[in-house]
Amino acid sequence: MKTLKIAIQKSGRLNEKSVELLKNCGLSFENYKSSLISTVSNFPLEILFLRDDDIPEYVQDGIADIGLVGENVIAETNVEVTYLQRLGFGKCTLKIAVPKDSNYKNIADLDGKAIATSYPVILQNFLDKENIKADVKTISGSVEIAPGLGLADAIFDIVSTGGTLRSNGLMPFADVMKSEAILIGRKGEENNPLILELLQRIQSVMRAKETKYVVLNVAKVNLDKILALLPGVKSPSVLPLAEDGWVAVHTVIPERDFWSHINELKAAGAQGIVVMPIEKIIL
Ligand SMILES: Nc1ncnc2c1ncn2[C@@H]1O[C@H](COP(=O)(O)OP(=O)(O)OP(=O)(O)O)[C@@H](O)[C@H]1O
Ligand SMILES: O=P(O)(O)OC[C@H]1O[C@H](OP(=O)(O)OP(=O)(O)O)[C@H](O)[C@@H]1O
Ligand SMILES: [Mg+2]
């Protein structure tokens, strides 16, 4: 079968999480900073390490079969690709920001102003939709210093914690787009068996990340109360303990409501609660 090619970011915000995800999928490969291509030894896959800007086009043109990139980069490049899986990392918002001491009130106040950005396509689409004529100045990085240098009145860039805006004397003015890392594929190739297999592995890793394996001990008299507190779990295992009248309950619960569950379980008589990470969940 033909070897699959995946494009991931060579260095930057998405590189580490992308490599970690592929390793968690059980793929073995070397990750030398100097090499731009790496062969997976236990799956027919080659990894191409690229600038993120190039990934959507490489996938569209079939140079790579799949790619891992921020949604914002896909929107900026205007390519035709298929979204295979949202990946839950690289989460950020693309915002227009203005100097802290400015008195812009609404979007219309940007009319006639200069806005610096590395994402001119997304910004221009937004401005057109809002019927605003602004001067879009494209720069390739360090966008947040543009107003301080007198190059622009406002900026349009990625914001996550807001720390970069604050340390450059800027404040958020308008949210334009939310983004996260996405696995993309070439249109028409969605049923390639290798892509489906990799996708299944990625989904099983993501599912496992969202849940914990919990083991707890409880007196039999309290068992019904405990089971009633474990919604969504198909069927927890209940095993007898050496001590008479006691059982161990094994179950899987979502990470997001972990603490409220744990406190409720304790209140209902659960003891010796052990919580363990899960590596993969295959449905
Ligand atoms: N502060 C952030 N928090 C979360 N996600 C972010 C953040 N900054 C960027 N991202 C996401 O990660 C992607 C890569 O960001 P990065 O800053 O590494 O891009 P870059 O400098 O253009 O990289 P490259 O050298 O590959 O062109 C962005 O396109 C965005 O989707
Ligand atoms: O809201 P914050 O948490 O401060 O994050 C936002 C910053 O993160 C990104 O840059 P990055 O640090 O990746 O550097 P880069 O500009 O060199 O890509 C982005 O371009 C912002 O400058
Ligand atoms: Mg880039």
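Keep in mind that this is a model prediction, so the values were computed, not measured.

**Some words on the overall build of the protein**
Summing up its helical and strand segments, the protein has 8 helices and 15 strands in all. For 283 residues, the compact-globule estimate of 2.2 N^0.38 gives 19 Å, and the C-alpha radius of gyration of the protein, at 25 Å, exceeds that figure by more than 25%. With respect to the principal axes defined by its C-alpha atoms, the protein has extents near 80 × 55 × 35 Å. Within the protein, the proportion of its 283 residues that are buried is 28%. Residue pairs in contact within the protein that sit at least 24 positions apart in sequence constitute 66% of those at least 6 positions apart.

**Regarding the UniProt feature "domain: ATP phosphoribosyltransferase catalytic" (unreviewed entry) in the protein**
UniProt records the feature "domain: ATP phosphoribosyltransferase catalytic" (unreviewed entry) at residues 51–203, using the numbering of this structure. What you have in residues 51–203 is 25% helix and 32% strand, and the ends, taken at the C-alpha atoms, are 25 Å apart.

**Looking at the domain arrangement of the protein**
A common way to express how large an interface is: the accessible area buried when the components associate. According to the domain assignment, the protein consists of domain 1 (4–89 + 181–208), domain 2 (92–179) and domain 3 (211–277). Taking the mean C-alpha position of each, domain 1 and domain 2 sit 30 Å from one another. Listed as interface residues are 6 residues of domain 1 and, on the opposing side, 7 residues of domain 2. Its residues assigned to classes, the side of domain 1 that touches domain 2 shows 1 nonpolar, 3 polar and 2 charged.

**Observations concerning the site of ligand 2**
Around ligand 2, a shell composed of Arg13, Gly141, Glu144, Asp157, Ile158, Val159, Ser160, Thr161, Gly162, Gly163 and Thr164 is seen. Residue assignment for the shell around ligand 2 shows that the elements contributing at least two residues are β9 (154–159) and α5 (163–167). The biggest single contributor to the shell around ligand 2 is β9, with 3 residues. Broken down by class, the residue content of the shell around ligand 2 amounts to 2 nonpolar, 6 polar and 3 charged.

**Let's talk about the sheet that holds strand β13 (residues 237–240)**
Strand order in this open sheet of 4 strands is β13-β14-β12-β15, and the pairing throughout is antiparallel. On the outer flanks of this sheet lie β13 and β15 (271–277), each paired with one strand and no other. Here the average twist between neighbouring strands, direction ignored, is 20°. For strand β12 (residues 211–219) and strand β14 (residues 246–254), the ladder comprises 9 bridges, and the chain directions are antiparallel. Within β14, the residue paired with Leu216 across the bridge is Val249.

**Section: helix α6 (residues 193–209)**
Given a rise of 1.5 Å per residue, 17 residues ought to cover 24 Å, and the 24 Å separating the end C-alpha atoms of α6 matches this to within 8%. Every buried residue belonging to α6 is among Ile195, Leu198 and Val205, and all of these are buried. The buried side chains of α6 occupy one side of the element, clustering within an arc of 95° when seen end-on. In α6, the exposed residues that point more than 90 degrees away from the buried face are Pro193 and Leu196.

**Concerning the site of ligand 1**
The full set close to ligand 1 counts 16 residues, and Gly12, Arg13, Asp52, Gly70 and Ser160 are the nearest of them. Of the residues assigned to the shell around ligand 1, the class counts are 4 nonpolar, 7 polar and 5 charged. Two domains each donate at least three residues to the shell around ligand 1, and these are domain 1 (4–89 + 181–208) and domain 2 (92–179).

**So, the pairing of β15**
Burial analysis of β15 places just 0 of its 7 residues in the buried class, a small minority of the element. Sheet analysis places β12 next to β15, joined by 5 bridges and oriented antiparallel. Within β15, the position partnered with Lys212 by the bridge is Pro277.

The rules behind these values
- Residues numbered from 1 in each chain as written.
- Chains lettered and ligands numbered in written order.
- Predicted model: local features only at pLDDT ≥ 70, side-chain atom pairs only at ≥ 80, totals over all residues.
- Helix = DSSP H or I, 4+ residues; strand = E, 2+ residues; numbered from the N terminus.
- Rg over C-alpha atoms; globule rule 2.2 N^0.38 Å.
- Buried ≥ 20, exposed ≤ 12 C-beta atoms within 10 Å, placed from the backbone.
- Contact = placed C-beta atoms within 7 Å.
- UniProt positions renumbered as here; feature names shortened; annotations may be inferred.
- Domains from an automatic or database assignment.
- Nonpolar A, V, L, I, M, F, W, Y, C, P; charged D, E, K, R; others polar.
- Near = placed C-beta within 6 Å.
- Pairing = 2+ DSSP bridges.
- Axes fitted to C-alpha atoms, helices over the stretch in contact; angles between N-to-C directions.
- Expected span 1.5 Å × (residues − 1).
- Arc of directions from axis to C-beta.

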